[in-house]
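The lines below spell out each chain.
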Amino acid sequence: MKNMLQKRWLKTLLSLVAAYGVVQLLIAVGVINDYIQATIATICINMVLAVSLNLITGFTGQFSLGHAGFMSIGAYVCGIITVANPTLPGFLLGTLAGAVTAAVVGFLVGLPTLRLRGDYLAIATLGMSEIIRIVFLNMQITNGAAGLNGIPQFVNWTWMFLFTAGTILLIVNFLHSSHGRACISIREDEIAAEAMGINTTKYKVMSFTIGAFFAGVAGAMYASYFYFLKPDLFNFQKSVDILVIVVLGGMGSISGSIIAAVLLAVISTVLQSFPELRMVIYSLVLVIIMIFRPQGLMGSREISAALFRKWGEGLKRVFGKEKERV
Amino acid sequence: MAILSVKKLTKSFGGLTAVSNVNMELQEGELVGLIGPNGAGKTTVFNLLTGVYEPTAGTVTLTRNGKGKEIQGMKPFNICKAGMSRTFQNIRLFKDLTVLDNVRIAMHQNVKYGLASAFLHLPAYAKEEAQLVEKCMELLRIVHLDGKAGELASNLPYGEQRHLEIARALATDPVVLLLDEPAAGMNPAETAQLTELISWIRKNFQLTILLIEHDMSLVMKICERIYVLDYGMIIASGTPEEIKADKKVIEAYLGEDVNDA
Ligand SMILES: Nc1ncnc2c1ncn2[C@@H]1O[C@H](COP(=O)(O)OP(=O)(O)OP(=O)(O)O)[C@@H](O)[C@H]1O
Ligand SMILES: [Mg+2]
């Protein structure tokens, strides 16, 4: 078991370093320009948002429509702190403070609302994120509707990568622990989970708080990379966009969220050249995918060596038959 | 010594009194049957004992390690921690999870490693997880599912799902086990195997078992005592022989012959 774990870690580490190195190299030789870099930043931020929302909605089964609210808390707290203290430690402190503030708000909101089920919870979280937005709109320190400008940019590709990979690794680790399984059991059958000794309220709140924390991290990444914040960036539409990534990738699949974040960014980038048709085609793609794969691209499965093997066998079978026929 | 003592347990749903003034006492190590016609209130009794419903009135006392504790009205997960576990009549497995995970989740309350170990997979995590798997496999071996640990629970045939429910209930380390129609939908061969399994786990886990079952052959064969519930009330209790001869019981089962078994 221990050996297996170490091997898995080593493999993960190697592939991560490779992914980082390739992009870093492409940036260095100038193949990846500023525009593509911004797209990559958006993808990273969306991955963090989608994976953290997936923990709440896909894995714990709690339908939340307020993720943009938590993101905005992380963004503003980090933005304000970094403006006041424009150094790298200032930015890191801001990120931590933003994430912790988002988590605290998540905890306080989750405690009463997670007793609600389904539709009620969705409406309660939606209301919460609207309240957060209006608070930011009316505060002095956030500069209201005019927005917070000139946030020093500390997040480059290296930081983007570290935050994104770190978030995904931590959440995947959590899901593979007894605490994570307790969360998943709530999605599967809340009554059975309680009967088997799981304090479902505690684990719902825990999942919600962890999700809010990483949404805060995503907000901080956004603030520092795009150096401008206004409350409207974090409206209802933004929460829906995050949910779309989760549903499209597959509720309960981390790999699904990652793939969907990339896919949607690519589609939307390609469509930049057709501004009139952009939203129409974008929506059409979503509708078509959901018709043919209502469970999302990945369902609740993960990309793994075993899955590749299965696909391999499937291909072999297909091509094997071809050969027989010939 | 009484492990489970139920006094004047009552539950009303609006105007309907589903369980009314039920008194029951289970001695340590007993295997007791709870029978009665459809809709008599048997499952409701289980739901009251395990905290799914809050009783309208009455007390439930559970004794573990010689210490009695009133558990009525407590949250289900706390009742589970106090030592009561159950299976469900309409199977409630964690369907999209593996057989192993189903059992592992039921062991969660005894897991000691904290969130830091969970997030970072520290040595404490690896050590305890390995132990968990070992314990789960032991339980799965008992219900003959060790060969299917990696399969999704929903892919198991019906009978095996019932076995998995029993393994999952055992994983919570109970003193009292409530089985709600464990033989429902099983053929005679499967029922015979299940009968043996229940006797075996009672002996080897030193459990006290309360069993709801419509299959009279199973009930009469393994239960030492039986309570008969009708319209929410206990109408008779005693040994299988006494129950078979009881006039009220025969009336309640009008048409169904208790002596058939
Ligand atoms: N949540 C509820 N709300 C309202 N009525 C209920 C509820 N749960 C059970 N009842 C009613 O209580 C009565 C007893 O139901 P229960 O399920 O306990 O019967 P049972 O003895 O387990 O029957 P069966 O042998 O069919 O499983 C029934 O009339 C049922 O309709
Ligand atoms: Mg019943």
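Positions within a chain are numbered from 1, following the residues in the order the chain's sequence is written. As a convention, the first chain written is A and the first ligand written is 1, with the rest following in written order. Thresholds applied to this predicted model are a pLDDT of at least 70 for local features of residues and 80 or more for the giving and counting of side-chain atom pairs; totals over whole chains, interfaces and linings are not thresholded and use all residues. For the side-chain quantities, the full set of heavy atoms in the structure was used; hydrogens and water were omitted.

Novice: Please explain the overall build of chain A as it appears in this structure.
Specialist: Only DSSP runs of H or I reaching four residues or more are called helices, and only runs of E reaching two or more are called strands; each is numbered from the N terminus. Looking only at helices and strands, chain A features 13 helices and 2 strands. Its C-alpha atoms give chain A principal-axis dimensions of roughly 75 × 60 × 45 Å. Expressed as a percentage of the 326 residues in chain A, the buried residues total 49%. Contact between two residues is taken to exist if any of their heavy atoms lie within 4.5 Å; hydrogens are not considered. Restricting to contacts in chain A with at least 6 residues of sequence separation, those with at least 24 account for 79%. Each residue is assigned to one of three classes by its accessible area relative to the maximum for its type, calculated with a 1.4 Å probe on protein chains only: buried under 20%, partly exposed between the two thresholds, exposed over 50%.

Novice: Explain the environment of Glu188(A) here, please?
Specialist: Position of Glu188(A) among the secondary structure elements: in helix H7 (residues 178-188). Linking Glu188(A) and Gln272(A), residues 84 residues apart in sequence, is a C-alpha distance of 40 Å. When near neighbours in sequence (up to four residues on either side) are disregarded, Glu188(A) contacts Phe94(B), Lys95(B), Asp96(B) and Leu97(B). Polar contacts, as used here, are pairs of N or O atoms within 3.5 Å; protein pairs need one atom able to donate a hydrogen and one able to accept it. Residues neighboring in sequence count only if both atoms are side-chain atoms. Here the side chain of Glu188(A) touches Asp96(B) through a polar contact of 2.8 Å, landing on its backbone nitrogen.

Novice: Which parts of the structure should I look at to understand the coordination of the magnesium ion (ligand 2)?
Specialist: Ideal geometry at a metal gives 109.5 degrees between four tetrahedral donors and either 90 or 180 degrees between six octahedral ones. All names here are of chain B. Distances from the magnesium ion (ligand 2) to its protein donors, Thr43 (OG1) and Gln89 (OE1), fall within 1.9 to 2.1 Å. Of this pair, Thr43 sits in helix H1 (residues 42-49) while Gln89 sits in the loop between strand E6 (84-86) and helix H3 (99-106); the two residues are 46 residues apart in sequence, bridging distant segments of the chain. The class for Thr43 is partly exposed, based on a relative accessible area of 24%. Its relative accessible area of 31% is what places Gln89 among the partly exposed residues. Shown as donors are all N, O and S atoms within 2.8 Å of a metal ion, widened to 3.2 Å for Na, K and Ca; because water is not in the atom set, sites may appear incomplete.

Novice: I tried to follow the domain arrangement of chain B on my own but got confused; where do I start?
Specialist: Residue and element names in this part refer to chain B. In terms of domain boundaries, chain B breaks down into domain 1 (1-83 + 174-261) and domain 2 (92-173). Where a domain begins and ends is set by an automatic assignment or by a domain database. A straight line from the C-alpha centre of domain 1 to that of domain 2 covers 26 Å. With 21 residues of domain 1 in contact, the opposing surface of domain 2 contributes 14 residues. When two parts are put together, the accessible area they lose, computed with a 1.4 Å probe and summed over both, is reported as buried area. Carbon and sulfur atoms make up 71% of the area that domain 1 and domain 2 hide from each other, which totals about 1400 Å². The largest per-residue losses of area from domain 1 upon contact with domain 2 belong to Pro174, Leu197 and Phe205, which jointly make up 31% of the total buried on that side. Salt bridge, as applied in this entry: a Lys or Arg side-chain nitrogen positioned within 4 Å of an Asp or Glu carboxyl oxygen. Here domain 1 and domain 2 share 1 salt bridge between them. One salt bridge in this structure joins Asp173 and Arg64, with 3.8 Å as the shortest N-O distance. Counting across the interface, domain 1 meets domain 2 through 2 residue pairs in polar contact (both at pLDDT 80 or more). Of all elements in the fold, only helix H2 (76-82), strand E7 (176-180) and helix H7 (188-205) reach the threshold of two or more residues within the side of domain 1 that touches domain 2. In terms of residue class, the side of domain 1 that touches domain 2 is made up of 14 nonpolar, 2 polar and 5 charged. Residue polarity follows a fixed list, in which Ala, Val, Leu, Ile, Met, Phe, Trp, Tyr, Cys and Pro are nonpolar, Asp, Glu, Lys and Arg are charged, and the others, Gly among them, are polar.

Novice: Explanation requested: the nonpolar core in the structure shown.
Specialist: Across soluble globular proteins, nonpolar side chains show a tendency to be buried alongside one another. In terms of nonpolar packing, the biggest core is built from 148 residues, with Met160(A), Leu229(A), Leu140(B), Leu164(B), Leu211(B) and Val228(B) touching the most fellow members. Top contributing element to this core by residue count: helix H9 (residues 200-226) of chain A, with 15 residues. Core analysis: the second largest hydrophobic core is formed by 28 residues, Met24(B), Leu48(B), Ile79(B) and Tyr227(B) among them. Buried residues of nine kinds, namely Ala, Val, Leu, Ile, Met, Phe, Trp, Tyr and Cys, make up a nonpolar core once their side-chain atoms join them within 4.5 Å.

Novice: Even after reading the chapter, I still don't get the site of ligand 1, so can you show me in this structure?
Specialist: Residue and element names in this part refer to chain B. By convention in this text, a residue qualifies as near a molecule or strand provided that one of its non-hydrogen atoms is within 4 Å of it. With respect to spatial proximity, 14 residues lie near ligand 1, and among them Gly39, Lys42, Thr43, Thr44 and Gln89 are the closest. One of the backbone nitrogen or oxygen atoms of Ala40 is found 3.2 Å away from an oxygen atom of ligand 1. His214 is positioned with one of its side-chain polar atoms (N or O) 2.9 Å from an oxygen atom of ligand 1. Note on areas: Shrake-Rupley with a 1.4 Å probe; residue coverage comes only from the protein chains shown. For ligand 1, whose accessible area on its own is 640 Å², the fraction buried by protein is 64%. Put simply, the parts of the chain that give the shell around ligand 1 at least two residues each are strand E2 (16-27) and H1. At 3 residues, H1 tops the list of elements feeding residues into the shell around ligand 1. Among the residues forming the shell around ligand 1, the class breakdown is 5 nonpolar, 7 polar and 2 charged.

Novice: Before we go on, may I ask you to explain a nonpolar patch on the surface in this structure?
Specialist: Residue and element names in this part refer to chain A. Patch building starts from residues that exceed 30% relative accessible area and form no salt bridge, then joins like charges within 9 Å and nonpolar side chains (Val, Leu, Ile, Met, Phe, Trp, Tyr) within 5 Å. A surface patch of nonpolar side chains, about 510 Å² in accessible area, is lined by Leu96, Val100, Val104, Phe107, Leu108 and Leu111. Inspection of the secondary structure puts Val104 in helix H4 (residues 88-113). Exposure remark for Val104: the relative accessible area of 44% places this residue in the partly exposed category.

Novice: Mind showing me how you'd approach unusual backbone geometry here?
Specialist: What is expected of a backbone is that most residues other than glycine have negative phi and most peptide bonds are trans. All names here are of chain B. Within the chain, Lys8 stands out as a residue other than glycine whose phi angle is a positive 50°. Since its relative accessible area comes to 55%, Lys8 is described here as exposed. Of note in this structure, His144 is not a glycine but carries a positive phi near 60°. Relative to the helices and strands, His144 resides in the loop between helix H5 (123-142) and helix H6 (158-171).

Novice: What is the right way to read the pattern of salt bridges from this model?
Specialist: A pair can form between side chains of opposite charge whenever their charged atoms are brought close. Tallied over the full model, the rule gives 14 salt bridges over all chains. Residue Glu188(A) is joined to Arg187(A) by a salt bridge in which the shortest nitrogen-to-oxygen separation is 3.1 Å. Judged by its relative accessible area of 26%, Arg187(A) falls in the partly exposed class. Arg92(B) is the salt-bridge partner of Asp189(A), the closest N and O atoms lying 2.8 Å from each other.

Novice: What is the right way to read the pairing of strand E3 (residues 31-35) of chain B from this model?
Specialist: Where a strand is regular, its side chains alternate between the two sheet faces. Residue and element names in this part refer to chain B. Counting buried residues in E3 gives 5 out of 5 residues, a clear majority hidden from the surface. Judged by which residues are buried, E3 turns out to be covered on both faces: Leu31, Gly33 and Ile35 on one side and Val32 and Leu34 on the other are all buried. Pairing between strands is defined by DSSP: at least two bridges between the two strands are required. By the bridge criterion, 4 bridges tie E3 to strand E8 (residues 208-212) in an arrangement that is parallel. Looking at E8, one finds that Leu31 is bridged to Ile209. When E3 meets strand E9 (residues 225-230), the two strands line up parallel, connected through 4 bridges. Within E9, the position partnered with Val32 by the bridge is Arg225.

Novice: Could you clarify how one ought to interpret the sheet that holds E8(B) in this entry?
Specialist: Backbone hydrogen bonds hold the strands of a sheet together, and the pairing may be parallel or antiparallel. Residue and element names in this part refer to chain B. Spatial ordering of the open sheet is given by E6-E7-E8-E3-E9-E10, a layout of 6 strands whose pairing is mixed. Whereas interior strands pair on both sides, the edge strands pair on one side only; in this sheet they are E6 and strand E10 (233-238). Here the strands of the sheet are splayed against their neighbours by 20° on average, with no regard to which way each runs. Bridge analysis of E7 against E8 gives 5 bridges, and the strand direction is parallel. Bridge pairing in E8 places Leu179 opposite Leu211. Geometry is summarised by axes, namely lines fitted to C-alpha atoms with helices restricted to the contacting stretch, and by angles between N-to-C directions that run from 0 to 180 degrees.

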